[in-house]
Amino acid sequence: YSNSFFGAIKSLFFIYIVNAFNKKCKINIHVHRGDLQFFLNKSNINIFIFKLIEKKSNKILLLSLNDLKFLSNKFKSSKSYVLKNCINRESCFIEKRNNKIKFLYLSNYIFEKGILELLQEFSLINENIELECFGNFSDTDLKNKILTYQRDNIKIFGPISGNSKFEKINECDCLILPSKNEGMPLVLIEAMSTGTPFISTNVGFINENIINDYPL
């Protein structure tokens, strides 16, 4: 489920298509971003569309207790469930021995992740501070802009996964995620599992999954 008008329309359209071909099919909706309440409060049309989706759905899967309370109060819905993000990995801690201070960006390269602002700030740094970025490119124009920031202390790479990803998390001094919108990013859970501190914007449900008054 997407928290945008056209995304919600698209979800509704596919639900009706699926139901038209298979009446017995169960529809489970996953709300994976952190701005559901803002989206629904913005417009009565958004509420109307969501009510149609809710009516046709068997379950609505959420990442936050706040959203659960909100939907229960606003729609009197009994179809909502909280499904927390998690990872299947044992915690591992290593001693970090870097000559430079290493920051790591590990997410998709899209505007909403704050990647351009991050690169602009790191391009002003001339000290022993390094930024490594890994992720998928989805837009050619944005890719070209991002690659202009590549230099000695800023390294831009494609996607990374599996053990290689955890090795990079272990190597860095700090993971950084300046997103403008999130649900509960798995990459922060992965960082916590390795004892790696992270700097993040306080968006979505990030603050529900860390200690109170987390300083970064």
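Above: the structure in question.
Residues numbered from 1 in each chain as written. Predicted model: local features only at pLDDT ≥ 70, side-chain atom pairs only at ≥ 80, totals over all residues. Heavy atoms only, no water.

## Concerning the nonpolar core
For the record, the criterion: Nonpolar cores are built from buried Ala, Val, Leu, Ile, Met, Phe, Trp, Tyr and Cys residues. Side-chain atoms within 4.5 Å join them into one set. Categorising residues by exposure relies on relative accessible area from a 1.4 Å probe, with only protein chains included: less than 20% of the type maximum marks a residue as buried, more than 50% marks it as exposed, and the intermediate range marks it as partly exposed. Secondary structure counts use DSSP, requiring at least four H or I residues in a row for a helix and at least two E residues in a row for a strand, with both numbered from the N terminus. Residue contacts are counted whenever heavy atoms from the two residues lie within 4.5 Å of one another.
Ranked by size, the top nonpolar core spans 19 residues in total, and within it Tyr1, Leu36, Leu40, Phe50 and Leu71 carry the most contacts. In terms of residue count, the dominant contributor to this core is helix α3 (residues 44–56) (four residues). Here Phe50 is in contact with Tyr1, Leu36, Leu40, Ile60, Leu71 and Phe75, once residues within four sequence places are set aside.

## What to know about the pattern of salt bridges
To be explicit about the condition: The term salt bridge refers to a pairing of a side-chain nitrogen on Lys or Arg with a carboxyl oxygen on Asp or Glu at a separation within 4 Å.
In this structure the tally under the stated criterion is seven salt bridges. For Glu117, the salt bridge is made with Lys180, and the minimal N-O distance between the two is 2.8 Å. Here Glu117 is found in helix α5 (residues 115–122), whereas its partner Lys180 is found in the loop between β7 (174–177) and α8 (186–193), with 63 residues between them in sequence.

## Here we look at the layout of surface pockets
We apply this condition: Cavities and pockets are defined on a 1 Å grid built over the protein atoms alone: a cavity is a set of grid points where a 1.4 Å probe fits but cannot escape, while a pocket is an open set with protein on both sides within 12 Å along at least five of seven lines, and lining residues are those with an atom within 4 Å of any such point. Grid points are joined across faces, edges and corners, and a volume is the space filled by probe spheres set on the points. All residues other than Ala, Val, Leu, Ile, Met, Phe, Trp, Tyr, Cys, Pro, Asp, Glu, Lys and Arg, Gly among them, are scored as polar; the first ten of these are nonpolar and the last four charged.
Here the largest pocket is characterised by a volume of approximately 420 Å³. Around the largest pocket, the lining comprises 18 residues; the ones closest to its centre are Leu106, Ser107, Asn108, Lys113 and Val187. By residue number, the principal contributor to the lining of the largest pocket is α8, which donates three residues. Of the residues in the lining of the largest pocket, the class split is nine nonpolar, five polar and four charged. In terms of lining residues, the second largest pocket is bounded by 13 residues, among which His32, Arg33, Lys113, Asn181 and Glu182 are the most central.

## Re helix α7 (residues 162–171)
Spelled out, the test is: Note that the arc is computed from the directions linking the helix axis to the C-beta atoms.
Turning to α7, its buried residues number three or more, namely Lys165, Phe166, Ile169 and Asn170. Angularly, the buried residues of α7 cover 140 degrees about the axis, an arc narrow enough to put them on a single face. Of the surrounding secondary structure, the elements contacted by the buried residues of α7 are β4 (101–106), β7 and α8.

## So, the packing of α3 against helix α4 (residues 65–75)
The line we're drawing: Inter-axis angles, ranging from 0 to 180 degrees, are taken between N-to-C directions of lines fitted to C-alpha atoms, where helices are fitted over the stretch in contact. Our angle categories are set so that under 35 degrees counts as roughly parallel, over 145 as roughly antiparallel, 65 to 115 as roughly perpendicular, and the remainder as oblique.
Following both chains from N to C, one finds α3 and α4 inclined at 95 degrees, their axes separated by 13 Å at the closest point. Classed by the angle they form, the pair α3 and α4 counts as roughly perpendicular. The segment α3 lies against α4, with Ile47, Phe50 and Lys51 engaging Leu71, Lys74 and Phe75. Its residues placed into classes, the contact of α3 with α4 shows four nonpolar, no polar and two charged.

## Let's talk about the packing of aromatic side chains
Put simply, the rule is: Stacked, tilted and edge-to-face are the three classes assigned to paired rings of Phe, Tyr and Trp, where Trp is represented by its six-membered ring and a pair needs centres within 6.5 Å; plane angles under 30 degrees give stacked, over 60 edge-to-face, the rest tilted. Only lysine NZ and arginine CZ atoms are considered, and such an atom sits over a ring when it is within 6 Å of the ring centre and within 35 degrees of the ring normal.
If you walk through the whole model with that rule in mind, you get seven aromatic pairs. Arranged with centres 5.4 Å apart and planes meeting at 70 degrees, the rings of Phe103 and Phe122 form a pair that is edge-to-face. In this pair, Phe103 sits in strand β4 while Phe122 sits in helix α5, placing the two residues 19 residues apart along the sequence. Cluster of aromatic residues (ring-pair linked, three or more members): Tyr105, Tyr109 and Phe137. Note that Lys59 overlies the ring of Tyr81, its terminal NZ or CZ placed 5.4 Å from the centroid.

## Details of the pairing of strand β6 (residues 154–157)
Under the convention used in this document: Crossover handedness is defined by viewing with both strands directed away from the observer: a clockwise path from the first strand over the helix to the second marks the crossover as right-handed.
Burial along β6 is one-sided: the face carrying Ile154 and Ile156 is buried and the face carrying Lys155 and Phe157 is not. The parallel pair strand β5 (residues 129–134) and β6, bridged by helix α6 (residues 140–147), forms a crossover whose chirality is right-handed.

## Observations regarding the sheet that holds β5
Filter applied, for reference: Paired strands, as defined in this entry, are two strands with at least two bridges between them according to DSSP.
A sheet is described by the order of its strands in space; here five strands give the open sequence β6-β5-β4-β7-β8, paired in parallel fashion. Strand pairing shows two members of the sheet lacking a second neighbour, β6 and β8 (198–200), which therefore form its edges. Neighbour to neighbour, the strand axes of the sheet diverge by 20 degrees on average, direction disregarded. Here β4 pairs with β5 via six bridges, running parallel. From the neighbouring strand, Leu104 faces β5, where its bridge partner is Glu132. Against the sheet, α5 touches β4, β5, β6 and β7, its axis set at about 155 degrees to β5.

By themselves, these observations are geometric and do not establish any function.
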